[in-house]
Amino acid sequence: MSTAHNNAKKGDIAETILLPGDPLRAKFIADNYLKDVVQFNDVRNMFGYTGTYKGKKVSVMGTGMGIPSIAIYTYELIHFYGVKNLIRVGSCGAYQDDMNLYDLVIAMGASTDSNYANQFDLGGTYSATASYNLLEKAKKAADEKGIKTHVGNVLTSDTFYQNDPDSWKKWASMGVLAAEMETYALYTNAAKAGVNALTILTVSDSLVKNEETSPEERQESFTNMMEIALELA
């Protein structure tokens, strides 16, 4: 069995999968953390791999940028490949002044400026939240490693380049920790299907302090979140 976006067969993908946006980050995780690795997908160069971590089967696959991309991949992973635990490992832009580059954000919930949830005809505003069991395990793993984390709400935005460059300040005033572009769809798809999802993010830039990391750093040096995510397998 395969789909238009994934040439894996049933059974090729583990029940637990890490989901970086960048397919090269998926390759980095597979090359550096997994054993007995097999590549299961290369359609559109959205690389996916399955191997073992501490004896447990785990997969990792890129999802691309934005809600439409991650929505397609996670829907297929859940409904066609039987994935039960989906853990996004991505980057974010910090909205709060107590957050520094390389800090970790565990997304307890996701606000959005997207209309993604309209398809479910809910008649209201849907609050997309993480699976508590994964969130609790991730926080515990980070604490045991002495890694600083911020746990709270993130903004999943459809726009990277905002027409109003100060629009983020309104979200920050509501306590939103950071911006990214995928979590709302991940949490919504998972909730609808009754499976588990969590997003762990590394602060790649700060809108408060006007600081940012390089593309190379984003691809290969965000290892703390990778290691915490792998502990959830």
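Residues numbered from 1 in each chain as written. Predicted model: local features only at pLDDT ≥ 70, side-chain atom pairs only at ≥ 80, totals over all residues. Heavy atoms only, no water.

### Focus: the pairing of strand 4 (residues 56–61)
Point 1. The pairing of strand 1 (residues 16–19) with strand 4 spans two bridges and is parallel. By the bridge assignment for strand 4, Leu-18 is matched with Val-60.
Point 2. Note that strand 3 (residues 48–53) and strand 4 share six bridges and pair antiparallel. Paired with Gly-48 across the two strands is Met-61, which belongs to strand 4.
Point 3. Linking strand 3 back to strand 4 in an antiparallel pair, the connection comprises two residues, with Lys-54 at a positive phi of about 50 degrees. (Pairing = 2+ DSSP bridges. Helix = DSSP H or I, 4+ residues; strand = E, 2+ residues; numbered from the N terminus.)

### Let's talk about the pairing of strand 3
Point 1. Burial of strand 3 is extensive: five of the six residues sit out of reach of the surface.
Point 2. Strand direction decides the pairing type here: strand 2 (residues 35–41) and strand 3, joined by four bridges, are antiparallel. Bridge pairing in strand 3 places Val-38 opposite Thr-50.
Point 3. In this structure, the hairpin formed by strand 2 and strand 3 is closed by a connection of six residues, where Arg-44 is found at a positive phi of approximately 55 degrees. (Buried < 20%, exposed > 50% of the residue type's maximum accessible area, 1.4 Å probe, protein only.)

### Things to note about helix 1 (residues 23–33)
Helical geometry note: an α-helix holds 3.6 residues per turn, so side chains three or four residues apart project in the same direction.
Point 1. Within the sequence span of helix 1, burial applies to Pro-23, Arg-25, Ala-26, Phe-28, Ile-29, Ala-30 and Tyr-33.
Point 2. For helix 1, the capping residue at the N-terminal end is Asp-22, with a side-chain oxygen 2.8 Å from the backbone nitrogen of Leu-24. (Polar contact = N/O pair within 3.5 Å; in protein donor to acceptor, adjacent residues only side chain to side chain.)

### Quick look at the environment of Ala-190
Point 1. Counting through the fold element by element, Ala-190 comes out in helix 5 (residues 183–193).
Point 2. C-alpha of Ala-190 to C-alpha of Asp-31: the two residues are 159 residues apart in sequence and 27 Å apart in space.

### Overview of the layout of surface pockets
Point 1. Put simply, the largest pocket is a space of about 1,000 Å³.
Point 2. Taken together, 35 residues form the lining of the largest pocket, with Phe-160, Met-181, Ser-204, Asp-205 and Arg-218 sitting closest to its centre.
Point 3. For the lining of the largest pocket, the elements supplying multiple residues, two or more each, are helix 1, strand 5 (85–94), strand 9 (178–180), strand 10 (196–206), strand 11 (211–212) and helix 6 (215–220).
Point 4. With five residues, the top contributor of residues to the lining of the largest pocket is strand 5.
Point 5. What the second largest pocket holds in volume is close to 260 Å³.
Point 6. Taken together, 20 residues make up the lining of the second largest pocket; nearest its centre are Thr-112, Ala-117, Thr-125, Tyr-126 and Tyr-184.
Point 7. Of all elements in the fold, only strand 6 (104–112) and strand 7 (128–129) reach the threshold of two or more residues within the lining of the second largest pocket.
Point 8. Examining the composition of the lining of the second largest pocket, we find that four residues originate from one element, strand 6, more than from any other.
Point 9. Of the residues that constitute the lining of the second largest pocket, the class distribution is seven nonpolar, 12 polar and one charged. (1 Å grid on protein atoms, 1.4 Å probe; cavity = no way out; pocket = protein on both sides within 12 Å on 5 of 7 lines; lining within 4 Å. Points joined across faces, edges and corners; volume = space filled by probe spheres on them. Nonpolar A, V, L, I, M, F, W, Y, C, P; charged D, E, K, R; others polar.)

### Some thoughts on the side chain of Asn-189
Point 1. Its place among the elements puts Asn-189 in helix 5.
Point 2. Here Asn-189 falls in the buried class, since its relative accessible area comes to 6%.
Point 3. If near-sequence neighbours (up to four positions away) are discounted, Asn-189 is found in contact with Ala-71, Thr-74, Tyr-75, Ile-78 and Tyr-116. (Contact = heavy atoms within 4.5 Å.)

### A look at helix 3 (residues 132–145)
Point 1. If you check helix 3, its first and last C-alpha atoms are 20 Å apart, about what 14 residues at 1.5 Å a residue would give, namely 20 Å.
Point 2. Regarding helix 3, the residues found buried are Leu-134, Leu-135, Ala-138, Ala-141 and Ala-142. Summarising the axial view, the buried residues of helix 3 lie within an arc of 130 degrees, below the 170-degree limit, and thus occupy one face. Pointing more than 90 degrees away from the buried face of helix 3 are the exposed residues Tyr-132, Lys-140 and Glu-144.
Point 3. Each element contacted by the buried residues of helix 3 is listed here: strand 5, strand 6, strand 8 (149–156), strand 10 and helix 7 (223–231).
Point 4. Following helix 3 by one or two positions, Gly-146 adopts a phi angle in the positive range, close to 70 degrees. (Expected span 1.5 Å × (residues − 1). Arc of directions from axis to C-beta.)

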